[in-house]
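Remarks on the overall topology
Here's the letter readout for the chains.
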Amino acid sequence: MNIIVTESYEETCREAAGQMIAAIQANPQACLGLATGGTAQGVYPYLIQAYHQQTVSFKDVKTVNLDEYIGLKPDHPQSYRRYMDNHFFDHVDVSPLNTYVPSGCHMLQQEMAIFAGILDVWKRDIQLLGVGINGHIGFNEPGEVLHARVHMAELAEATIKANARFFASEEDVPKTAITMGVGDILHAGKIVVIATGSQKAGALQKLLNDDEVTTRMPCTLLKLHRDVTVILDRELAQQVGYNRPVS
Ligand code: F6R
């Protein structure tokens, strides 16, 4: 596992974007696995900036997102489709036909089959990943068992509470989602994990300072992948007790 300690959240986002840009420069038809949420939000402006500076084009790039809430229409302000359009897709030259965010609002069985089929065909060169405060990845929540492939997931209480900040009230947070499974996440060629904030210290501690792999802390399964880069700021690294010099 590569670990990069940055001086700030901004630098973390710039570094993650840089790795995604490098993947596109290596393969202009790259497929990007994308994430939503507060942490990932800071990465997209750097991708948009690189597009404006003509460092990169998304013309032939494909993208597939980790997850979507069940019950929110694509144009709902908090749907992950809307998030992606607002924060990224609407600002670059990616073709809408080349972007896939699962739909969580109808024919869910068919949608999951489509999602799984896309993951089989669009091989992700790189997957951007955030981590939940309980160690979830995508919406693979801690539990006795995890799922390898695309499935419907119930959000953990901690996730509902954490995501309530994006909704008018906790009651408005959807309780279920469609998500890539852990196996799907691990099938990406390269995984870039970004984290910031003291609330993530417990999960990052298990990921960075511990050899255990457990379904009780889904991010620990990332230890099974051969090309994972974790990017975190110095403040979080210190909270985690990870003090390797800046790389
Ligand atoms: C989002 C996703 C989630 C988030 C995680 C962290 O697509 O799959 O796993 O990455 O919940 O969210 P933030 O960054 O808001 O703390």
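With that settled, consider the sheet that holds strand β8 (residues 176-179). Across the sheet, which stays open at both edges, the 3 strands sit in the order β4-β8-β7 with antiparallel pairing between neighbours. Edge strands, defined here as strands with exactly one partner in the open sheet, are β4 (67-69) and β7 (151-154). Ignoring which end each strand starts from, the neighbouring axes of this sheet average 30° apart. Judged from the 3 bridges that link them, β4 and β8 form a sheet pairing that is antiparallel. The residue of β8 that forms the bridge with E68 is I178. Lying on the sheet, helix α5 (residues 108-121) is in contact with β7 and β8; it crosses β8 at an angle near 30°.

Before going further, it helps to examine the nonpolar core. Within the largest apolar cluster, 86 residues are counted, with the highest numbers of intra-cluster contacts made by F58, F88, L204 and L222. For this core, the leading source of residues is helix α1 (residues 9-26), giving 7 residues. Residue contacts for L222: discarding those within four places in its chain leaves M1, L129, I137, I185, L186, I191, V193, L207 and V228.

Of note, Q54 is a non-glycine position whose phi angle comes to about 60°, a positive value. Residue position: Q54 is located in the loop between α3 (44-52) and β3 (62-65). The phi torsion at M107 lies on the positive side, around 45°, for a residue other than glycine. Inspection of the secondary structure puts M107 in the loop between β5 (99-100) and α5.

What follows concerns the sheet that holds β3. The pairing of strands in a sheet comes from backbone hydrogen bonds and takes either a parallel or an antiparallel form. As summarised here, the arrangement of the 7 strands in space is β1-β10-β9-β6-β2-β3-β5, forming an open sheet in which the pairing is parallel. Here the strands that pair on one side only, and so sit at the sheet edges, are β1 (2-6) and β5. Judged from the 2 bridges that link them, β3 and β5 form a sheet pairing that is parallel. Among the inter-strand pairings, T63 is bridged to a residue of β5, identified as T99. Where α1 meets the sheet, it contacts β1, β2 (31-34), β6 (126-129), β9 (190-195) and β10 (228-233), and its direction lies at approximately 155° from that of β10.

Calculation criteria
Residues numbered from 1 in each chain as written. Predicted model: local features only at pLDDT ≥ 70, side-chain atom pairs only at ≥ 80, totals over all residues. Heavy atoms only, no water. Pairing = 2+ DSSP bridges. Helix = DSSP H or I, 4+ residues; strand = E, 2+ residues; numbered from the N terminus. Axes fitted to C-alpha atoms, helices over the stretch in contact; angles between N-to-C directions. Contact = heavy atoms within 4.5 Å. Core = buried A, V, L, I, M, F, W, Y, C linked by side-chain atoms within 4.5 Å. Buried < 20%, exposed > 50% of the residue type's maximum accessible area, 1.4 Å probe, protein only.

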